[in-house]
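# Overview (structure and organization)
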Amino acid sequence: MSDCLFCKIIAGEIPSKKVYEDDLCYAFYDIDPQAPTHFLVVPKAHLSGPDAVTDENSAVVGHIYAVIARLSKELGLENGYRVVANCGKDGGQTVGHLHFHVLAGRSLAWPPG
Ligand code: AMP
Ligand code: ZN
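Scoring rules and cut-offs
- Residues numbered from 1 in each chain as written.
- Chains lettered and ligands numbered in written order.
- Predicted model: local features only at pLDDT ≥ 70, side-chain atom pairs only at ≥ 80, totals over all residues.
- Heavy atoms only, no water.
- Near = heavy atom within 4 Å.
- Polar contact = N/O pair within 3.5 Å; in protein donor to acceptor, adjacent residues only side chain to side chain.
- Areas by Shrake-Rupley, 256 points an atom, 1.4 Å probe, with all protein chains shown as cover.
- Helix = DSSP H or I, 4+ residues; strand = E, 2+ residues; numbered from the N terminus.
- Buried < 20%, exposed > 50% of the residue type's maximum accessible area, 1.4 Å probe, protein only.
- Lys, Arg positive; Asp, Glu negative; His and termini not counted.
- Salt bridge = Lys/Arg side-chain N within 4 Å of Asp/Glu carboxyl O.
- Contact = heavy atoms within 4.5 Å.

Turning to the site of ligand 1, a few remarks are in order. By nearness alone, 16 residues border ligand 1, and Asp-30, Asn-86, Thr-94, His-99 and His-101 come closest of all. Contact distances for ligand 1 include 3.1 Å between a nitrogen atom and a backbone N or O atom of Ile-31. Within the side chain of His-99, one N or O atom sits 2.9 Å away from an oxygen atom of ligand 1. Expressed as a share of its isolated accessible area of 500 Å², the protein-covered part of ligand 1 is 84%. Broken down by secondary-structure element, the contributors of at least two residues to the shell around ligand 1 are helix H1 (5-10) and strand E2 (25-29). Per-element accounting of the shell around ligand 1 gives the leading share, three residues, to H1.

This is the structure we're talking about:
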């Protein structure tokens, strides 16, 4: 998607602070962190959001969760973390490329506001 912010980040056309990368996904620190550790993990193939996940393309979601579990150990997030995928207007989604927030380093309120 030529006009997608996260596709441009994946392509290196917009700079980002990389956490991890493989064939299927890219992880980078959020530009406006909401916790001491806050990074995003995105599939390299453009999907517009959680509501674009299907039985055919959902394997990348499991892969991303496995990557997050591995990164959480490497980054020392032993106190826990939260994974969030916002969807649509009421869900607070502002970027139309599926992304998983990983937030850690402080106690996070539940339920969210
Ligand atoms: P959401 O509101 O769930 O769609 O999340 C989008 C996230 O992308 C927000 O937390 C933003 O701070 C983050 N974001 C927007 N632009 C950039 C960027 N250039 N680099 C890193 N994170 C960004
Ligand atoms: Zn995209």
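The rest of the description comes next.
Glancing now at the side chain of Asp-22. Inspection of the secondary structure assignment puts Asp-22 in the loop between strand E1 (18-21) and E2. For the buried Asp-22, which has no salt bridge, the nearest side chain bearing the opposite charge is Arg-70, at an N-O separation of 4.9 Å. Of the polar contacts made by the side chain of Asp-22, one reaches the backbone nitrogen of Leu-24; its length is 2.8 Å. Among the polar contacts made by the side chain of Asp-22, one reaches the side chain of His-63 at a distance of 2.7 Å. Contact partners of Asp-22, with chain neighbours within four places excluded, come to Lys-44, His-63 and Val-67.

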